[in-house]
Amino acid sequence: MTENPPTTDGVADSLRERINTSQPHTARIWNYWLGGKDNYEVDRAAGDQIRRLHPGIGEYARADRLFLGRAVRYLVEEAGIRQFLDIGTGLPTADNTHEVAQRLAPEARIVYVDNDPLVLAHARALLTSTPEGRTDYLDEDLRNVDAILEHASRTLDFSEPVALILLGVVIFIGDDEDPYSLVRRLVDALPAGSHLVLSHTITSPSMPDVDEAVKFWNEHGTPKLTQRSPEDVTRFFDGLELLEPGVVSCSRWRPEDGDGTEPEEVAMFGGVARKN
């Protein structure tokens, strides 16, 4: 079943009022890079400009999406996880968290969280569920931890392991907002056996064009991004059992069998860790 009610005319009008089509938005640009249609001309123009500054940027979106699929498959098949709290959902595309999880375990339960009105509009229509499982959606900001946990507890059983998914969302929390404490509060609310899946854009001396692309974004787009080093990203997993191969380029986290060559590195790093 799904907890997403149909969008009424009043709700639709409210959502439209919240959607700013005059300024590029990260979720819509991400959608554009993934080949989606839920974006506007301002997003496509910004996306193309960022791609000119850093030609490989589109690969980040694809690598992050494939990382999500591999991580969810691992969690369901090997870790036995049946509950997922996915914060920073983004616009629905192919193989969303609930689709991957419920394909393997139809009884899986998923709560999506995002505060973008366009994401909410599409979530109500697209985020469905198997009859055995359940899918819910919360219009909320990552910073509002208590509200997220209270709502999620209506769908998820916090006495059983939960996978907390934070893909490309902590980058919107500035250092002055103590992002590590936000993540820790969420993890602390979960029982032993739970897992954290997190990805983050990195800054590295070997990738100066990434810094230029982020600078352009922060001058023109919304919300603003905070880059962090691979070591800083690894700090989000402190106190947890970080699974092999650690925090690495999303393209290199347990890649599918290929020709034996290592996938090209992208500046989106991620990892999976277990709470013991």
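Structure: above.
Model, not experiment: these values are computed from the prediction.

## Overview of the nonpolar core
Counting residues in each nonpolar core, the largest one holds 86 residues, and the members touching the most others are Phe 84, Leu 85, Ile 87, Leu 164, Leu 166, Leu 196 and Leu 198. If you tally residues by element for this core, the top one is helix H4 (residues 57–77), at eleven residues.

## Details of the environment of Phe 216
Mapped onto the secondary structure, Phe 216 falls in helix H9 (residues 208–220). Residue Phe 216 is classed as buried on the basis of its relative accessible area, which comes to 16%. Each C-alpha atom of the pair Phe 216 and Ala 46 lies 8.9 Å from the other, and the pair is 170 residues apart in sequence. Sequence-distant contacts of Phe 216, that is, excluding residues within four places in its chain, are made with Ala 46, Gln 49, Ile 50 and Leu 53.

## Regarding the packing of helix H2 (residues 26–33) against helix H3 (residues 41–53)
At their nearest, the axes of H2 and H3 sit 9 Å apart, and the two run at 70 degrees to each other. It follows from the interaxial angle that H2 and H3 lie roughly perpendicular. Crossing handedness for the pair H2 and H3: right-handed. Together, Arg 28, Ile 29, Tyr 32 and Trp 33 of H2 and Val 42, Asp 43, Arg 44, Ala 46, Gly 47, Asp 48, Ile 50 and Arg 51 of H3 make up the contact between the two elements.

## Overview of the pattern of salt bridges
All told, the structure shown has eleven salt bridges when counted by the stated rule. Two residues, Asp 95 and Arg 103, come together in a salt bridge whose shortest N-O distance is 2.9 Å. The class of Asp 95 is partly exposed, set by a relative accessible area of 37%. Taking the shortest distance from any N to any O, the salt bridge between Arg 252 and Glu 262 comes out at 3.6 Å. In this pair, Arg 252 sits in the loop between strand E7 (248–249) and strand E8 (268–274) while Glu 262 sits in the loop between E7 and E8, placing the two residues ten residues apart along the sequence. A residue is classified by how much of its surface remains accessible, and Arg 252, at 26% relative accessible area, is partly exposed. A relative accessible area of 59% means that Glu 262 is categorised as exposed. Taken together, the salt bridges that share partners define one network made up of Asp 141, Arg 143 and Glu 177.

Conventions used here
Residues numbered from 1 in each chain as written. Predicted model: local features only at pLDDT ≥ 70, side-chain atom pairs only at ≥ 80, totals over all residues. Heavy atoms only, no water. Core = buried A, V, L, I, M, F, W, Y, C linked by side-chain atoms within 4.5 Å. Buried < 20%, exposed > 50% of the residue type's maximum accessible area, 1.4 Å probe, protein only. Helix = DSSP H or I, 4+ residues; strand = E, 2+ residues; numbered from the N terminus. Contact = heavy atoms within 4.5 Å. Axes fitted to C-alpha atoms, helices over the stretch in contact; angles between N-to-C directions. Parallel < 35°, antiparallel > 145°, perpendicular 65-115°, else oblique. Left-handed = near helix turned anticlockwise from the far one by under 90°. Salt bridge = Lys/Arg side-chain N within 4 Å of Asp/Glu carboxyl O.

These results come straight from atomic positions and should not be treated as a statement about function.
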